[in-house]
Structures are given as C-alpha cells and as structure tokens.
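Residues per chain are reported as follows:
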Amino acid sequence: MRDHLKIKFMKEFFRKVISSKKNSLKNDQWHSGRIVLTLIAISIAFFALLPLFGLIFEGFTGLRDGSVNLGFDGSRQVRGTLFLLFSTSFIGGIIGSANGWLLANCRFPGRSFLRVAQLLPLATPAYLLSATLIDLGSINAIRINGMPWAVLIMSLTTYPYVFLLSTESFAKCGRLQLEACRSLGVGPWNSFRRIALPMTLPAIGAGIALMGMEVVNELGAVQLLNVPSISAGIVENWGARGNPSGAIGLALCALFIVISLVVYEKALRRRSRRWTEGAAGGEAPAWELKGFRALFAQALALAPPTFTLGIPILWTIVNIDQLGQKLDYELFLLTIRSLGLGIAAATFSVIAALLISIVKRWNPTPWIRTISFLSGIGYAIPGAVLALALLSFSGAPWKLAPVVLLVWGYSDRFLAVAKGGLDAAFERLSPSLDEAATGLGCKWPEVLRRIHLPLLKGPIAVGALLVFVDTLKELPLTFVLRPFDFDTLSVRIFQYASDERMAESILPALMILSLGLIASLALIPGLDHQSIGSNSGLKEPSKQRSSVEQTN
C-alpha cells in the first residue's frame, strides 16, 4: 500500500513538473514573440523618424558650414506664416470656443443638428475653398486675394479643432460652480466669462495649437491667394529657384514653429487635466435660449459650415453646364492614381499603427510609450518639410522610386491618424482577455487575430477611412514628391486653379468634397466619446476620451 502511494505520488510529481515545464516553454515562446513584435515596432518608429532626423542633421551641418540660408524672400515668408498663424488662431479660437459654449451649455432649436454640422468644415480642404471662392469672385468682379482672405479661409476650415476640444471642456467643467452662478441670478454670458472660460482656456489653447499646425502645413491656399508662407517658400526654393539651402533653412524654421506648438499643446493638455480634476463632476447645467438669443446662436453655429461647404456647392451649381466636359480617360487615370495611393497609405498606416499599439499594450514601459508618441509626430510636420526630408532618399545609395517615397510620406504623416483611435480602443479592452488567451497557450499572432481584430473592426475601419481621405486631400507632399506627369486629383485642382481654369476641375473637386464628407460623417457616432488629440497622436491615450477631435 505504501509503495502504491509512493508510485502515485511520484507520478503526480512528475506530471506537475512536466506541466510546469510546458507552461514555462509556452511563456518563453510568448515572451520571445513579444520581443520580435517589439523589434518590429521599433523598426516602424525608426523609419517614421528617419527622414526627419536626416533633415535635421543636414540642416545643422549646413548651419555649421554657413551654407544654409532662408533664400531670396525667406524672412518675408516666415513673417507671413507667423502673421497668418496668429491671426487665424485669434479668429478661429473665437469662433470655435463660442460655438463650443453654445452647443455644450445652451439649449435652442436645431442644437443637435448644428453640433454635428461643426464637423462639415473638415470636409473642405482650404485650397479647394480658396480656388472656388476666387473663381466665384472673378465672375462677380470681386478680387479675392491677399492676407485677409487667407485668414478668413484658414479660420473657417480649422476652427473645428478648437470647437471639439472646447465643447468637451465646457460640458464637463464646474457643474456646482455654474449652478451657484444661476442661483445668484448670473446669466449665461457672465457665467461663461467668469467661470467656464477660465477653466476651458487650456483646452482652447490646445485646439489653437492644432490649428496652427494646419496653417503651417498649408500650401495651396496661400499660393492661390498670393500670401507669403514657409511651405510655399520651400517649394519655390527647391523647385523653381534651384536653391536647396534656402529650402532647408525654411524647413528648419517650420520645424521650430511646429515643435513649439507640440510642446505648447501638450503642456496645455496637462494643465487642462489639473483644472478639471478639481471641478465638480457631472454634466454642466444648460441655459434655455429663446427669441432673439436663440436666433443669434443658430446663426453663429450655422454660418461657418454654410460658408465652407456652401461656397464649393454654389460654385458647382454656377458651372453645372460644364460638368461633363472633363469626363474622359484622363480623369479616370487621375482617380485610379489617387485611389491607389490612398489605399496603399491606409493599409500601411493601419498595419503599422496596430503593431505599435499592441506593443504599447503588452509592454507599457516609459521608453515604449515614448517611441509610440514619436512615431506619430509626423502628423504635426508640414507636408512640404516632410517631402523635403524624403527627397534625400531618391538619390544614392537609396534610389527609391518617387511612388515609394509618396507612400512612405503618407504613411509617416498619417500614422497618428490611425494610431490614435486604436490606442483608445485598446484601452477599453480588459487585459484579462490577453491573459486568458495566454493561459490557453495562444501565441501573440493568434491573440491578435482571434481576439483583438474582431473587437477592433470599428476603429480600424474609421482609421483607414480617415487616412484614405487625408491622402486624397494632401497637396504639399504630393506636389513635391510625385513623379513627372503623375498628377492626382488634389494636384490637378491646384494646377487648374493656378491657371485660372477652375471650370475644368469640377469633377475632381466634387470627388474630393464627397469623400471628405463621408469621412466627416464617419466621425459623428463618436462625437461624444473621442478626441482630436487621439487622432493627431499628440495626446497620451491613457488620459483621453471625451469628444471627437479626429480631423482631416
């Protein structure tokens, strides 16, 4: 009996040892798979940052040797960009914060529709709005040109950044404080001025910083309106004037401005969290607006979307008789090229974003979080600057084809667009799902395929759609890097507008406008749950989630 018990005990002991070794082997395989995945993510981040580091190295080398300059008109272009940046920030900040307050804390007829309508300006590229407005102005003997028009157009096409961040803060800030104002007979205006606005200033500032990044990136609108800007100067110095040193000098100025905006934006986000942590929870109270006040609120909320979307539609109606003139094989080629580039960029961006996000989920160490953040910094870099950085890879020893550089540039610039939504979606998935799959012996590809991908279909689809549409609308990067005689829809619209042949670009313009509307409508379901910073990659996902801030 005792021998039988000994044998049974030994069998049980060896069974546990063998089982333990098997589990240990599985864990080793799991962790070794994670190491491979981490190396892949580091490689993605390396190639995302390589063009930027190359440009910075070349720029500082030129500064040391004294060969880098700002070009013939560089100082004027820097001043023009700064003036446009500050003027647009002031006007767009007022429009965005005013609409954010009205649509978050006031109740009036049509409020729900007008809240959604604030996304519509994201569908209209600034260069398309400028081109159609210039053409309509010429028909009616009105000269659309110069800095004031550029400020107006850039303010109306970028203010949704401020709106989407400020409406989140207005909806959450100081419920008890605002209720105290109401009990003391303080009206909406004084409550806004004394309580809500000071608490929301950090969020407004963060939205203004994102606006500024778009202003620095803009190329088509400023060239059509004859406004001096850094992006236009880079293109002119590199192409028309054959002065690469001037282009590099202006690119360094643009990088300095953009990095300042990124640092400023992140600091304001941290400050915004500190402000709202002490505020009373719950939704802020709502003021009912009636009569003249309701009409004024409706007009203020309706005017920007009506202008940005209405001008291109009105221009299309005016030129409707010429709609079929350019319906030919050339338009078909333009469309195929644009769609192909958009699909390629969306595919690479989503795959890279998925790998980086899953690595950050499984290995949330500070250095991995830093790599994840830096990999998405391309969204803040102006397209002309990124294009200039990538041009160095067209020569020896790389000799990459222009189309490859284009896809690389799109994937680099819009990686954050896909990554932001995936980061937020991963945070909503419990880590116990991964642990249960690991305990059942699943390797990381199986966990990704059988658990994560089915649960992330929505964020992946939205991210791919946004990257696709952003690629179709992107002008500076495409204009500089495209191969000879390889135009896209955005480039052709810009060329027609520059040659005053806008009537011939109706169909390309309608296609880009329609796709932009589809992308904007795709953001509507998440209007109350997501945030722009996630899309731009400039906000830490662990701290986020409230209002859609995703942009094109």
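Predicted, not measured: the structure shown is a model, and the values here were computed from it. (Residues numbered from 1 in each chain as written. Predicted model: local features only at pLDDT ≥ 70, side-chain atom pairs only at ≥ 80, totals over all residues. Heavy atoms only, no water.)

Student: What exactly am I supposed to notice about unusual backbone geometry here?
Tutor: In most cases, non-glycine residues show a negative phi, while peptide bonds are predominantly trans. A positive phi angle, close to 60°, is found at Ala141, a residue other than glycine. Mapped onto the fold, Ala141 is located in the loop between α4 (126-139) and α5 (147-158). For Ala141, a relative accessible area of 73% gives the class exposed. In this structure, Asn226 takes a positive phi of about 55° despite not being glycine. Following the sequence through the fold, Asn226 ends up in the loop between α9 (220-224) and α10 (230-240). (Helix = DSSP H or I, 4+ residues; strand = E, 2+ residues; numbered from the N terminus. Buried < 20%, exposed > 50% of the residue type's maximum accessible area, 1.4 Å probe, protein only.)

Student: What am I meant to see in the confidence of the model for the protein chain here?
Tutor: Atomic detail in the predicted coordinates should be set aside for any region of low pLDDT. Averaged over every residue, the pLDDT of the protein chain is 77; residues scoring 70 or more account for 76%. Helix α23 (residues 532-536) is the least confidently modelled element of the protein chain, averaging 40 in pLDDT, while α5 averages 93, the highest of any element. Contacts from residues 1-7, a stretch scored under 50 in pLDDT, to residues over four places away or in other chains number zero contacts. (pLDDT = per-residue confidence, 0-100. Contact = heavy atoms within 4.5 Å.)

Student: Hey, could you run me through the nonpolar core in this one?
Tutor: The nonpolar side chains of soluble globular proteins are, as a tendency, buried together. In terms of nonpolar packing, the biggest core is built from 151 residues, with Phe108 and Ile234 touching the most fellow members. Looking at this core element by element, the count peaks at 14 residues for helix α13 (residues 329-362). Those residues in contact with Ile234 that lie beyond four places of it in its chain are Ala247, Leu250, Ala251, Ala384, Val385 and Leu388. (Core = buried A, V, L, I, M, F, W, Y, C linked by side-chain atoms within 4.5 Å.)

Student: Before we go on, may I ask you to explain the side chain of Asn319 in this structure?
Tutor: The residue Asn319 is located in the loop between α12 (292-318) and α13 in this model. Residue classification places Asn319 among the buried residues on the basis of a relative accessible area of 6%. At a separation of 2.8 Å, a polar atom in the side chain of Asn319 contacts the main-chain carbonyl oxygen of Trp315. Beyond its immediate stretch of four places on either side in the chain, Asn319 contacts Asp135, Ala503 and Ile506. (Polar contact = N/O pair within 3.5 Å; in protein donor to acceptor, adjacent residues only side chain to side chain.)

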